[in-house]
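# Descriptive analysis of the structure
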Amino acid sequence: MELLRTVPRLAVDGYLRAVKWPLSRVARLAPDGELLVDRADAVLRGLAGDLLRDPQLQADARLRREAAEDRTEAAELRGRAAERREAADETLADRQSEAEQRRRAAEQRADEQRRQAAQRREAKAKRAAASERQRKARSAQARAQTDTVNADVGREDRLEALEEAGEAVQQREAALTARDEAERLDLAAARAKERRKA
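Residues numbered from 1 in each chain as written. Predicted model: local features only at pLDDT ≥ 70, side-chain atom pairs only at ≥ 80, totals over all residues. Heavy atoms only, no water.

Residues Arg120, Arg191, Lys193, Arg195, Arg196 and Lys197 make up a contiguous surface patch of positive charge. In terms of residues, the positive patch owes the most to one element, helix H4 (residues 155–197), which gives five residues. For Arg196, the location among the structural elements is in helix H4. (Patch = residues over 30% accessible without salt bridge, like charges linked within 9 Å, V, L, I, M, F, W, Y side chains within 5 Å. Areas by Shrake-Rupley, 256 points an atom, 1.4 Å probe, with all protein chains shown as cover. Salt bridge = Lys/Arg side-chain N within 4 Å of Asp/Glu carboxyl O. Lys, Arg positive; Asp, Glu negative; His and termini not counted. Charge placed at Lys NZ, Arg CZ, Asp CG, Glu CD. Helix = DSSP H or I, 4+ residues; strand = E, 2+ residues; numbered from the N terminus.)

Shown next, in the form of structure tokens:
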């Protein structure tokens, strides 16, 4: 009895292999083509097993169906994994782009702050130089006035006026020197602060 089943089983198996071989080659060109051929093979083996009442053909058909389902599931999982990888790549690219934009904006802000600090230092230096020129001009004017007073007044009056003018000039020079020193110290502090930031 087993021999009677073996012959048709071998014939069905040989026939299906002969038909499947060229179909498999063509199916490789289509997406999921080989899976379709494997499913069709499993169905035909199942039908032949049912017709011939061959449990071995039926079991072989069941195993082939399960294998085709497993391959289908694996292909779906690979597809989902590829989609997730693509989404992750897009997210990473977006984050990298945002980080680059933030970095550029921070660099621009730092450049602008450095430029403004340089402008402030330059303006402060100009004010200090202008103040020094004014101080020198006032001092020269005071000396000229003192000289005029000396020429117009008697010797004692001239000495007294000269002493008063000299004291006034000294006081003004001391005040201006103190103010210039304060501005110089402010400028030095600002430069030191900029160096620490950089």
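Don't stop here, the text continues.
What follows is about a nonpolar patch on the surface. Together, Val43, Leu44 and Leu47 make up an exposed nonpolar region whose accessible area comes to about 260 Å². Along the polypeptide, Leu47 turns up in helix H2 (residues 33–52).

Another aspect to go through is the environment of Glu183. By secondary structure assignment, the location of Glu183 is in helix H4. C-alpha separation for the pair Glu183 and Ala128, spaced 55 residues apart in sequence, amounts to 6.9 Å.

Here we come to the pattern of salt bridges. As enumerated under the stated definition, the model contains twelve salt bridges in all. One salt bridge connects Arg64 with Asp60, and the closest N-O pair in it is separated by 3.2 Å. Residue Arg64 and its partner Asp60 are both found in helix H3 (residues 55–152); the two are separated by four residues, about one turn of the helix. Judged by its relative accessible area of 22%, Arg64 is partly exposed. By relative accessible area, which is 24% here, Asp60 ends up partly exposed. Arg103 is paired through a salt bridge with Glu107; the nearest N and O atoms lie 2.4 Å apart. In this pair, Arg103 and Glu107 are both assigned in helix H3, four residues apart and thus about one turn of the helix distant. Given a relative accessible area of 40%, Glu107 falls into the partly exposed group. One network of salt bridges, in which partners are shared, links Glu100, Arg103, Arg104 and Glu107. (Buried < 20%, exposed > 50% of the residue type's maximum accessible area, 1.4 Å probe, protein only.)

Moving on, we come to the side chain of Thr72. Among the structural elements, Thr72 can be located in helix H3. Residue contacts for Thr72: discarding those within four places in its chain leaves Leu35 and Arg39. (Contact = heavy atoms within 4.5 Å.)

This paragraph deals with the environment of Ala59. With respect to the secondary-structure elements, Ala59 resides in helix H3. Separated by 17 residues in sequence, Ala59 and Ala42 have C-alpha atoms that sit 10.0 Å apart.

So, on to the confidence of the model for the protein chain. Mean pLDDT over the protein chain works out to 78, with 78% of the residues at or above the 70 mark. Of all helices and strands in the protein chain, the one with the weakest mean pLDDT is helix H1 (residues 2–27) (62), whereas H3 scores best (83). (pLDDT = per-residue confidence, 0-100.)

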